[in-house]
There are 2 protein chains.
Amino acid sequence: MQNTKSYVQEHKERFINELLELLKIPSISADSAYKNDVIRTADEIKKSLENAGCDLVEICETPGYPIVYGEKIINPDLPTVLVYGHYDVQPPDPIDLWDSPPFEPVIKKTELHPEGAIFARGSCDDKGQMYMHVKAMEIMTKTDQLPCNVKFMIEGEEEVGSNSLGWFVERNQEKLSNDVILISDTGMIAKDVPSITTGLRGLSYVEVEVTGPNRDLHSGLYGGAVANPINILTKMIASLHDEDNHITIPGFYDKVENLSTEERAEMAKAPFSLDAYKKSLDINAVYGEEGYTTNERNSIRPTLDVNGIWGGYTGEGAKTVIASKAYAKISMRLVPNQDWKEITELFKNHFESIAPESVTVKVTPHHGGQGYVTPIDSVGYQAASKAYQDTFGKTPIPQRSGGSIPIVSLFEKELKSKTILMGFGLDSDAIHSPNEHFGVWNYLKGIETIPLFYKYFTELNK
Amino acid sequence: MQNTKSYVQEHKERFINELLELLKIPSISADSAYKNDVIRTADEIKKSLENAGCDLVEICETPGYPIVYGEKIINPDLPTVLVYGHYDVQPPDPIDLWDSPPFEPVIKKTELHPEGAIFARGSCDDKGQMYMHVKAMEIMTKTDQLPCNVKFMIEGEEEVGSNSLGWFVERNQEKLSNDVILISDTGMIAKDVPSITTGLRGLSYVEVEVTGPNRDLHSGLYGGAVANPINILTKMIASLHDEDNHITIPGFYDKVENLSTEERAEMAKAPFSLDAYKKSLDINAVYGEEGYTTNERNSIRPTLDVNGIWGGYTGEGAKTVIASKAYAKISMRLVPNQDWKEITELFKNHFESIAPESVTVKVTPHHGGQGYVTPIDSVGYQAASKAYQDTFGKTPIPQRSGGSIPIVSLFEKELKSKTILMGFGLDSDAIHSPNEHFGVWNYLKGIETIPLFYKYFTELNK
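Residues numbered from 1 in each chain as written. Chains lettered and ligands numbered in written order. Predicted model: local features only at pLDDT ≥ 70, side-chain atom pairs only at ≥ 80, totals over all residues. Heavy atoms only, no water.

## Overview of the overall build of chain A
In terms of regular secondary structure, chain A is built from 12 helices and 18 strands. Relative to a compact globule of 462 residues, whose C-alpha radius of gyration would be 23 Å, chain A shows 23 Å and is just as compact. Principal-axis analysis of the C-alpha atoms places the extent of chain A at approximately 80 × 50 × 45 Å. Of all 462 residues assigned to chain A, the portion counted as buried reaches 63%. Residue pairs at least 24 apart in sequence account for 78% of intrachain contacts in chain A once pairs closer than 6 positions are excluded. (Helix = DSSP H or I, 4+ residues; strand = E, 2+ residues; numbered from the N terminus. Rg over C-alpha atoms; globule rule 2.2 N^0.38 Å. Buried < 20%, exposed > 50% of the residue type's maximum accessible area, 1.4 Å probe, protein only. Contact = heavy atoms within 4.5 Å.)

## Here's the deal with the packing of helix α2 (residues 35–51) of chain B against helix α3 (residues 127–142) of chain B
Residues and elements named next belong to chain B. Relative to each other, α2 and α3 sit at 25°, their axes nearing to 9 Å. In this view, α2 runs roughly parallel relative to α3, as classed from their interaxial angle. Between α2, through T41, I45, S48, L49 and N51, and α3, the contact on the second element is made entirely by K127, M130, Y131, V134 and K142. For the contact of α2 with α3, a count of residues per class yields five nonpolar, three polar and two charged. (Axes fitted to C-alpha atoms, helices over the stretch in contact; angles between N-to-C directions. Parallel < 35°, antiparallel > 145°, perpendicular 65-115°, else oblique. Nonpolar A, V, L, I, M, F, W, Y, C, P; charged D, E, K, R; others polar.)

## Quick notes on the interface of chain A and chain B
Of the residues lining the interface, 91 residues belong to chain A; the matching set on chain B comes to 91 residues. Approximately 7800 Å² of surface area, both sides summed, lies buried where chain A meets chain B, with 52% of it carried by carbon and sulfur atoms. A per-residue breakdown of the area chain A buries against chain B is headed by L221, Y287 and K319 of chain A, which together make up 9% of the total. For the pair chain A and chain B, the number of links is zero salt bridges. Top element by residues in the side of chain A that touches chain B is strand β11 (residues 303–312) of chain A. It accounts for 10 residues. A per-class count over the side of chain A that touches chain B returns 34 nonpolar, 37 polar and 20 charged. One ladder, built from five bridges, connects β11 of chain A with strand β11 (residues 303–312) of chain B; its direction is antiparallel. Bridge assignment links G311 of chain A to a residue of β11 of chain B, and that residue is I309 of chain B. (Buried area = accessible area lost by both parts, 1.4 Å probe. Salt bridge = Lys/Arg side-chain N within 4 Å of Asp/Glu carboxyl O. Pairing = 2+ DSSP bridges.)

## Overview of the sheet that holds strand β18 (residues 437–439) of chain A
Two orientations exist for strands paired in a sheet by backbone hydrogen bonds: parallel and antiparallel. All names here are of chain A. Strand order in the open sheet made by the three strands is β4-β5-β18, with antiparallel pairing throughout. The strands lining the two open edges of the sheet, one partner per strand, are β4 (106–108) and β18. Strand-to-strand twist in this sheet, taken as the mean axis angle between neighbours without regard to direction, amounts to 30°. Relative to strand β5 (residues 117–119), β4 runs antiparallel, the two being bridged by three bridges. Looking across to β5, one finds that I107 is bridged to I118.

## Brief notes about the domain arrangement of chain A
Residues and elements named next belong to chain A. Segmentation of chain A into domains returns domain 1 (3–200 + 371–461) and domain 2 (202–256 + 302–369). Distance from the C-alpha centre of domain 1 to the C-alpha centre of domain 2: 35 Å. Each partner contributes residues to the interface: domain 1 has 11 residues there, and domain 2 has seven residues. When the buried surface of domain 1 facing domain 2 is broken down by residue, G371, S404 and P406 rank first, second and third, together holding 52% of it. Counting the contacts that link domain 1 with domain 2 gives zero salt bridges. (Domains from an automatic or database assignment.)

## Some remarks on the UniProt feature "domain: Peptidase M20 dimerisation" (unreviewed entry) in chain A
Annotation from UniProt places "domain: Peptidase M20 dimerisation" (unreviewed entry) at residues 199–357 of chain A. Helix makes up 27% of residues 199–357 of chain A and strand 23%, with an end-to-end C-alpha separation of 42 Å. (UniProt positions renumbered as here; feature names shortened; annotations may be inferred.)

## Concerning the packing of aromatic side chains
Residues and elements named next belong to chain A. Enumeration over the complete set of coordinates arrives at 28 aromatic pairs over all chains. Their ring planes at 40° and their centres at 5.6 Å tell us that Y388 and F392 sit as a pair that is tilted. Of this pair, Y388 and F392 are both found in helix α10 (residues 379–392), four residues apart, which corresponds to roughly one turn of the helix. With respect to burial, Y388 and F392 carry one shared label: buried. Look at F438 and Y443: their rings are 6.2 Å apart centre to centre, the planes differ by 70°, and that puts the pair in the edge-to-face class. Y443 shares its class with F438; the two are buried. A network of ring pairs unites the aromatic residues Y388, F392, F424 and W441 as a single cluster. Over the face of the ring belonging to F392 we find K445, whose NZ or CZ atom lies 5.5 Å from the ring centre. (Phe/Tyr/Trp six-rings, centres within 6.5 Å; stacked < 30°, edge-to-face > 60°. Lys NZ or Arg CZ within 6 Å of the ring centre and 35° of its normal.)

## As for unusual backbone geometry
Note that the residue after D93 of chain A, namely P94 of chain A, is joined by a cis bond; omega there is 5°. The topology assignment puts P94 of chain A in the loop between β3 (80–86) and β4. Within the chain, D282 of chain B stands out as a residue other than glycine whose phi angle is a positive 55°. With respect to the element layout, D282 of chain B can be found in the loop between α8 (274–281) and α9 (294–297). Judged by its relative accessible area of 56%, D282 of chain B falls in the exposed class. Of note, the phi angle at A430 of chain B is positive, near 60°, even though the residue is not glycine. Here A430 of chain B is to be found in the loop between β17 (419–421) and β18 (437–439).

## Thoughts on the side chain of S162 of chain A
Relative to the assigned elements, S162 of chain A resides in the loop between β6 (149–155) and α4 (163–171). Aside from chain neighbours lying at most four places away, what touches S162 of chain A is Y84, E155, E157 and I407 of chain A.

## Quick word on the relation of the copies chain A and chain B
Superposing chain A onto chain B takes a rotation of 180° plus a shift of 0.0 Å along the axis, which leaves an RMSD of 0.1 Å. On the angle and the small slide along the axis, the relation comes out as a two-fold axis. (Least-squares fit on C-alpha atoms with pLDDT ≥ 70 in both.)

Structural data, given as structure tokens:
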């Protein structure tokens, strides 16, 4: 029987080319203009799962974009691993900051990726990391080493809140029953520092609209005499943080879990260079909540960020106008125990309450999800840890991620099973940014590591 | 000899149609995409001045858009009136708020304009008001009642700072020599309340750019740990006003002229209904500097307004990103004695000084100009006042406008002459806004009133 390593060596060119083809489809779920591309991507995923050896593959219709389901049940008495991933991607803009077109993948060497990295929107988040599991499945079936049952659930709305996924999971609990959920949609600390994500932040994403006068006004004739919606919006947003960068929304921190000194000391052991961090971002100083380190600020603490703002004249030159409306997209990252629906409500009530009488305010919730923490003594975590030890030669570090995969807590609630987050990307891969990329080395290392998870998970369950 | 009134009656259809043709050309000086249209408009103005009876008409090249110069010198011993106007217009956006296309003029009746109003960008500001002077010229020449010499100077960069006009005026002081400058680029209080603008605010218009990290970042992985340029920009802009809505830029108010209680009482006599004002804008409350009335806030007090703001993801749906850059266009309306270059410098220094170490800030001045006040005892003002008395049957009220025509103070400096601002538009004409319009009644009334100014100005100079 051929082993995984040699199979990867033999087929790596094809593994890479198949991913490049997938990355050429602009499956942008946030923009309805790309509807057909998103649906076409689902079809491609279906084919790839069939080729990888699934016995049953279905395109499952939902109120939104379809979910691709695949399975191979070799023995009902054996454990079942449910693989989750998503085939949709973030919008690529600002387009002009990409060195190569976001949907024309190219492989280029970088300082961190001397073996080359694949540059394209979705290369890491999540087409690349999701496709590692498809190829791992191929290896296990083609080399007769699949040790347990496998189910795949690949969705197309992760970047816009996974609304249809919740709808689908609630209606298919039997079909999706499993012993562990495996996801690669996070990162690892460094190529020589493997890590397993044990915590995720929750999310509340809202859009706000501030309306002043019923039409755009001449800033000379009305300037100073009526509320300028943009000025008001900046005042309102600015007031959401105090001088210590604590969030000022009443009740916002009520349920935030406070880590013990020991836990914070444990976290602080993860290798981190503030100088390298600042250098990689070209910033002179970091900025954040008083009393917490950079790694704490983006993992165990909740945050509030404006993701977009617009209003008035934004074209070339000058226009002396007072806009009728101003808008902003605001997201809050939440920590375990904060309920995203409750936080969204707190935000809405607070934001409306601070609006002066001279404007009207509309707050529209976009989507959100709960935070999540997983124990490191579970069979799933142990299996993942042993897999990394085999391929990286060292024990992975458990780490809290600042990102959100809202559906992880949904899975726990609906499917009663824990999720293992085996991420192979790096923070520097620029996901959600121009020039997103995924190291070829990371891609192949992931494909090599995943089958070992199945092996150990099945053994440890015996 | 036919009188003005009957000539207007006889030719009003043509007067209106000629203006409609002029309004069809999108002469947007702020957007270089319309360069050819702006230049084409200058050619049309040239033809119209020739048809109106000017002996000499020239397209004068400048570093920017050309200036159309025309003249009719009937006798060097008689006084000379210099007419100024502009043929460029503001950008029409937001386009989708127009009820009819901005450059496809239509005449519709409104509550304030039962005789109909011309809806199009530039209908009032300033093509319509400028063209009143061209038609008044036609009347005076065709009916042999031109009492003095006339010069026209129509520019194409008023909406973007009149840079080339300054260049032109400095180089043509002899050619432009005159006894009074006549401009219709302001408004009047109401159709039954004629007024003459005796004060204008100055202007300083700047663009600011705040840069944080060197690329857009994932708001989950970096949120809370790095400065978000949009959040920082809102904080910086919000800090430019205190809780009483005074502007916080050090030195900003140092040279502001404080009106006496008498002067303020005089101003307060102008008819004004706060309820009607709020109703016309659909606002529940006005908003502005503590201690001043609405009419004071938009005339004798300086202001600071954001005219445009943008950054991050502004498309459909949600994108969890921290933008690398955020931008805003900010304008300050200034009052007499405030020097716009000095204020621009004060803004720049202050804005840069309040930026946290974690971002870099760039302030780019767009343009600006001085404020202006004219005495009401001048021959020019008296002539204008008598002209209004003849056509409106009542004495016009002197009023300070919140708007800016920066070049008025330039004229005084370079040409040593005072400017008379005879405006026939209404605040409700929505200049600089969607659905800009100009009443047909106002247009014709202006054409009828202007020749009388020439008559009285010449008589009073005897």
